[in-house]
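Structure at a glance
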Amino acid sequence: MLSLGLAPVANANETLKIGFVGITSGAKAAWGISNVRCMQTRAKWVNDEGGIKIGGTTYDIEIVTWDTQDNTTRAREGMEKMVQEGIHYVIGPNTDPTAAAVRPVAERDGVMYFPYAFPKELYSKPASNAILGMIANYQSGPAIYKYLKENKGIKSIAFLAANESDALSQREGGVQAAQALDLKVLAQDAYQSDTRDFAPAVTQIVKLKPDLLVLSGVAGGTAPLIIRAARELGYTGLMSSETAQDATQLKEGAGDLANGFISVGGASTPEIRSERMEEFIRRYTQDHGQYDDESNTKVYAMEYILETLKANPKAIDDVTEFQKTMDTLSVPNPYMKGNEKLVYVGSTSFGQKRQVGIPMVVNEYRDGEFQTLFVTNVD
């Protein structure tokens, strides 16, 4: 071979599989699609740069996905698939019931998973394998209501939620937060999850004239329908949600009627983005056609996985090592300007560090795009 002038073949990188078990179809598909696109964009970026070195080994990243269809049985099947493929780190699921459904599999077979779901029991002892990938409603709700009380003078509030467990749970948390701030709760209403005509659901609330109408746990495809119905019936107060929304859907579904709508945004604003975050947005847009604000939050889960594995290479195959490292991890945040760090948080809400530490950005929709209302932090 040498006499023929053939170069020796370089050793190929090992493969690190990271899974996704979440929703990518139906009314809530935008939540999971954002996850997958972030994972794919970041994996391609790592691989383009020659892989990631963990300990003495360099890995290429492979993303393995599973659509739960917001179904608990499919969610369990998806987590079982991850186990069969030897995957120890999974991003998702995206709803409360599916996140609870995969817990027994994850704890039995040694999988750390990053749900975008809010039940505290997933993250509090004796649970140990779930890490909240976003800001919870019981963290953002009080911050939003307090801001609006102090800056907009709101005194009354009404809640509207889909008649399903995760939305109703978020409504309950919102009511408790509102009562703690001495806001008058005028309504705690619900609608069937397949509703498309929201005039009947909001008519009574509009008559009550609350200063703030909270859409608890509302899906991206549903929010504009409720906003349009409320405005067309004459509601002039504020509206908000503790779930992330998509500006394009608001523009297409409600247009100018959505102006002033308040929601939890991604964990980034133009003012705090690093050059690396700008590069991520450029790559994401190039790969997927358009960028969405929610991905400012979703970019973080895989970054936390990779940085924790780099800090303790033993965690590649042993999630107990991963859990040990979570308490002390502190590395530069690549997506924010300044000296911000990636650290796990959640002690205040869960009694242990089982949440990614990301900025809490609250947005206001205005003329087709989100504008930053305020930024704060958990813990």
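Notes on the structure in this doc start here. (Residues numbered from 1 in each chain as written. Predicted model: local features only at pLDDT ≥ 70, side-chain atom pairs only at ≥ 80, totals over all residues. Heavy atoms only, no water.)

**A closer look at the overall build of the protein chain**
What counts here: The secondary structure listing takes helices from DSSP runs of H or I that are at least 4 residues long and strands from runs of E that are at least 2 residues long, numbered from the N terminus. Two things to know: the radius of gyration comes from C-alpha atoms, and the globule rule equals 2.2 Å times the number of residues to the power 0.38. Exposure classes here rest on a 1.4 Å probe applied to the protein chains alone. A residue is buried below 20% of its type maximum, exposed above 50%, and partly exposed in between. Values of accessible area rely on a 1.4 Å probe in the Shrake-Rupley scheme; residue burial ignores everything except the protein chains shown. The charged-residue count follows a simple rule in which Lys and Arg add positive charge and Asp and Glu add negative charge, with His and chain termini not counted at all. Each charge is placed at NZ for Lys, CZ for Arg, CG for Asp and CD for Glu.
When helices and strands are tallied, the protein chain shows 13 helices and 16 strands. Computed over its C-alpha atoms, the radius of gyration of the protein chain comes to 21 Å, within 12% of the 21 Å expected for a compact globule of 379 residues. Counting all 379 residues of the protein chain, 57% fall into the buried class. With the model as given, the accessible surface of the protein chain reaches about 15,800 Å², and the carbon-plus-sulfur share is 46%. On the protein chain, the mean spot of the 38 positive side-chain charges and the mean spot of the 47 negative ones are 3 Å from each other.

**Comments concerning the sheet that holds strand β4 (residues 89-91)**
The strands making up a sheet are joined through hydrogen bonds of the backbone, oriented either antiparallel or parallel. Condition: Think of it this way: DSSP has to see at least two bridges between two strands before they count as a pair. For every element, the axis is a line fit to its C-alpha atoms; helices are fit only across the contacting stretch, and the angle between N-to-C directions ranges from 0 to 180 degrees. The contact criterion used is simple: two residues touch if any of their non-hydrogen atoms lie within 4.5 Å.
The sheet built from 5 strands is open, its strands ordered β2-β3-β1-β4-β5 with mixed pairing. Because the sheet does not close on itself, it has two edges, and the strands there are β2 (52-54) and β5 (112-114). Put simply, the sheet's adjacent strands are angled 40° from each other on average, direction ignored. Along the sheet, helix α2 (residues 72-84) makes contact with β1 (14-22), β3 (57-67), β4 and β5, crossing β3 at roughly 160°. Contacting β4 and β5, helix α12 (residues 319-326) crosses the sheet at an angle of about 55° to β5.

**A closer look at unusual backbone geometry**
Of note, the bond from G92 into P93 is cis; its omega dihedral lies within 30 degrees of zero at -5°. As for its position among the elements, P93 is in the loop between β4 and α3 (96-109). For Q69, which is not glycine, the phi dihedral falls at a positive 55°. Along the chain, Q69 turns up in the loop between β3 and α2. Look at D367: it is not a glycine, yet its phi comes out positive at around 55°.

**Remarks on helix α5 (residues 165-180)**
The condition that has to hold: One fewer than the residue count of a helix, multiplied by 1.5 Å, yields its expected span.
Over its 16 residues, α5 runs 23 Å from end to end, which matches the ideal 22 Å to within 8%, given 1.5 Å per residue. When α5 is considered as a whole, its buried residues turn out to be D166, A167, Q170, R171, G173, G174, V175, A177 and A178. Each element contacted by the buried residues of α5 is listed here: α3, α4 (137-152), β6 (156-162), β7 (184-191) and β8 (212-216). D182 sits one or two residues past α5 and shows a positive phi near 60°.

**A few points about the environment of D60**
By the secondary structure assignment, D60 is in strand β3. Sequence separation between D60 and E14 is 46 residues; the distance between their C-alpha atoms is 6.2 Å. Contacts of D60, omitting those with residues within four sequence positions, involve N13, E14, T15, L16, N47, G50 and G51.

**What about the pattern of salt bridges?**
Any two side chains of opposite charge can pair, so long as their charged atoms come close to each other. Note the cut-off: Any carboxyl oxygen of Asp or Glu that lies within 4 Å of a side-chain nitrogen of Lys or Arg is treated as forming a salt bridge with it.
Enumeration over the complete set of coordinates arrives at 19 salt bridges. When the shortest N-O distance is used, the salt bridge between R42 and E303 registers 2.7 Å. Of this pair, R42 sits in helix α1 (residues 29-48) while E303 sits in helix α11 (residues 300-311), and the two are 261 residues apart along the sequence. E303 shares its class with R42; the two are buried. Two residues, E294 and K298, come together in a salt bridge whose shortest N-O distance is 2.7 Å. What emerges from the salt-bridge pattern is a single network uniting K44, D48, E279, R282 and R283.

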